[in-house]
Structure formats: structure tokens, C-alpha cells
Amino acid sequence: MSEVGLDEVRQRIADACARAGRDVEEVKLVAVSKRHGPDAVRALAESGLDVFGESRVQEASQKIPLCPTGLTWHMIGHIQRNKARDVARLFSYVHSVDSLRLLEALDSAAAEVGKTLPVLLEVNVSGEGSKFGFMPDDVPAVLEKCPSLVNLDVSGLMTIPPFTPETEDARPHFVRLREWRDAWRAQSGFPLDELSMGMSHDFEVAIEEGATWIRLGTILFGERE
Ligand SMILES: *Cc1c(COP(=O)(O)O)cnc(C)c1O
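Everything numeric in this text was worked out from a predicted model, so none of it was measured.

(A) Expanded view of the overall build of the protein chain. If you tally the helices and strands in the protein chain, you get 9 helices and 8 strands. By the compact-globule yardstick of 17 Å for 225 residues, the protein chain fits well, its C-alpha radius of gyration being 17 Å. Seen through its principal axes, the protein chain has C-alpha atoms that stretch 45 × 40 × 30 Å. Here the protein chain, with 225 residues, has 51% of them falling under the buried criterion. Of the contacts made within the protein chain by residues no fewer than 6 positions apart, 60% connect residues no fewer than 24 positions apart. If you sum the accessible surface of the protein chain, you get close to 10300 Å²; carbon and sulfur atoms cover 47% of it.

(B) Up close: helix 7 (residues 171-188). Between its terminal C-alpha atoms helix 7 stretches 25 Å, which fits the 26 Å expected from 18 residues at 1.5 Å a residue. Here helix 7 has its buried residues at Arg171, His173, Phe174, Val175, Leu177, Arg181 and Trp184. If you follow the buried residues of helix 7, they end up packed against helix 6 (139-145), strand 6 (152-158), strand 7 (194-196) and helix 8 (203-208). Gly189 occupies a position one or two residues after helix 7 and carries a positive phi of about 85°.

(C) Representation of the site of the ligand within the structure. As a structural note, the neighbourhood of the ligand is formed by Val32, Lys34, Ile76, Ile160, Met199, Ser200, Arg215, Leu216, Gly217, Thr218 and Arg224. One of the side-chain nitrogen or oxygen atoms of Lys34 is found 2.7 Å away from an oxygen atom of the ligand. At a separation of 2.8 Å, an oxygen atom of the ligand approaches a polar backbone atom of Gly217. Within the complex, the protein chains bury 90% of what would otherwise be the 390 Å² of accessible surface of the ligand. When atom positions are compared with the pocket grids, the ligand is found to occupy the largest pocket. For the shell around the ligand, the class distribution of residues is 5 nonpolar, 3 polar and 3 charged.

(D) Up close: unusual backbone geometry. In the Ramachandran plot, Arg35 falls in the positive-phi region, its phi being about 60° despite a non-glycine side chain. As for its position among the elements, Arg35 is in the loop between strand 1 (28-32) and helix 2 (38-46). If you check the backbone angles, Leu192 has positive phi at about 50° while not being a glycine. Tracing the chain through its elements places Leu192 in the loop between helix 7 and strand 7.

(E) Quick look at the pattern of salt bridges. As enumerated under the stated definition, the model contains 18 salt bridges in all. Residue Lys63 pairs with Glu59 through a salt bridge whose shortest N-O separation is 2.9 Å. Here Lys63 pairs with Glu59, and both are found in helix 3 (residues 57-63), just 4 residues apart, close to one helical turn. Summarising the burial analysis for this pair, Lys63 and Glu59 share the class buried. A salt bridge links Arg85 to Glu112, with the shortest nitrogen-to-oxygen separation between them at 2.8 Å. With Arg85 in helix 4 (residues 84-90) and Glu112 in helix 5 (residues 100-113), this residue pair connects regions lying 27 residues apart in the sequence. Given a relative accessible area of 53%, Glu112 falls into the exposed group. Among the charged side chains, a salt-bridge network with shared partners connects Arg19, Glu168, Arg171, Arg178, Glu208 and Glu209.

(F) Up close: the nonpolar core. Counting residues in each nonpolar core, the largest one holds 66 residues, and the members touching the most others are Phe52, Leu121 and Leu220. The greatest single-element share of this core, amounting to 6 residues, is contributed by helix 5. Dropping the residues within four chain positions of it, Leu121 is found in contact with Val97, Leu103, Phe134, Val139, Val142, Leu143, Val154, Gly156, Leu157 and Met158. The next biggest cluster of nonpolar side chains, apart from the first, holds 6 residues, and it includes Tyr93, Leu120, Met158 and Trp213.

Reading the values: the criteria
Residues numbered from 1 in each chain as written. Predicted model: local features only at pLDDT ≥ 70, side-chain atom pairs only at ≥ 80, totals over all residues. Heavy atoms only, no water. Helix = DSSP H or I, 4+ residues; strand = E, 2+ residues; numbered from the N terminus. Rg over C-alpha atoms; globule rule 2.2 N^0.38 Å. Buried < 20%, exposed > 50% of the residue type's maximum accessible area, 1.4 Å probe, protein only. Contact = heavy atoms within 4.5 Å. Areas by Shrake-Rupley, 256 points an atom, 1.4 Å probe, with all protein chains shown as cover. Expected span 1.5 Å × (residues − 1). Near = heavy atom within 4 Å. Polar contact = N/O pair within 3.5 Å; in protein donor to acceptor, adjacent residues only side chain to side chain. 1 Å grid on protein atoms, 1.4 Å probe; cavity = no way out; pocket = protein on both sides within 12 Å on 5 of 7 lines; lining within 4 Å. Sits in = over half its atoms within 2 Å of the grid points. Nonpolar A, V, L, I, M, F, W, Y, C, P; charged D, E, K, R; others polar. Salt bridge = Lys/Arg side-chain N within 4 Å of Asp/Glu carboxyl O. Core = buried A, V, L, I, M, F, W, Y, C linked by side-chain atoms within 4.5 Å.

Purely geometric stuff here, so don't read any function into it on its own.
In C-alpha cells form, the structure reads like this:
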């Protein structure tokens, strides 16, 4: 897949919203800049994007200081607990929390840094062994513990469906995440308004199924090294 212009991406987002009867304001874009340098970030920032996503703490800690100020950085990749403080310092939003122990570590780290950190729980909807994320059966018990994590704002759920070239194959996974969200919202009292789902090859399907955050790398930046 190669990149297409930002205008075309915006048009495709608007078309998907129109098909689903959704307001385009409901869908927010994270530009995934992993393995692209500060110059590429600057170019997209100049076209008006201001939310960027990184999947590795070390790469982000080197890159972010070289990028324009005023951007918002989201962590979208697996986090080791000993990196929790760096995550709280570097990022203003975390999509990829996949264990209770990590939640607890991020809560302490956010307190130390003096911020409230919005976080999403990553859910392994397909049950693939190779994937990070909570197993769905484990989420209700985790949500019961969340009210005590006062420095976190547990805002919703994230998933990465199994990769297939056929975008329609992703749809049932997106539907499942939304249906679980509805059930867990009713049980837990957390609104869980945010659904982070959809990447370059399947974001239109994700929008049709309720995504509020889409995470686009390749389609904006071109292929990664
Ligand atoms: C790399 C990555 C993306 C972006 O993937 P593209 O296919 O390049 O759009 C989105 N989400 C996560 C979690 C990623 O690691």
C-alpha cells in the first residue's frame, strides 16, 4: 500500500461517516509516525494534523524532542511496566493497556508526573495467542478495579484484528468490540466512549462500526523502512 494525500484520506473518512450516518467530528485521527523521522512528522503537522502515534518508547523519546512543539503524542504499542514513567512523561494518551499491573504502574507514573492520563484497554477480540491485549472474559474484573486508579481516565477500548488483506474480514471483530463495550458500559458504569480501531487498510470498515479513533500510518506516511 502506498500513501495517498491527506485530502483523499479525509474524503474517505467523510464518506465512511456518511454511509454510517455518523458525524465526521466523532472520528479522530492518530497519524502513526513509527519508523518515520521528524521531517515526515513536520510535513504532516504543516498540513494540519496534530495527533501522532508511536509504538515504542525508546523511538518516541528520541523523536519527539526533534518534532514541532504543540503536537499531541499517543502511545499505541505494547508497554513494558518499567517504561510506565517514560510513557506518562512523553504521552498524553495511551491506547494499548493490556494488563492490570500495567494499569497500576501507569496510575502511579501519572501521579508522579502530575497528570491525569486517558487510557484505553486493548482487547484481544480474536483470541489469537500471538496478540497482546486483555482476553474479553477478564475485562469486567479489571474494570471493577479501575475506580481506584484515580490518575487514569479509562476512556474506552482498542483492538487490532488479525491481519487479512480482505478488509471485510475485520468487520466482525470491530462489531464484537463495540458489542462488548456496550455490555461492559452497562455493567461497570464507565462510559467507555472511545473505540480505537481501524488502520490504513480497514479504517473505513472500522468507522462504519463505530470507531472514534483511527490509527493511520502507511496511508499517510508511505511504507515504513
Ligand atoms: C503500526 C500501527 C498502526 C498503523 O498501521 P498502518 O497499517 O501503517 O496504518 C496502527 N495501530 C497500531 C497499534 C500499530 O502498531
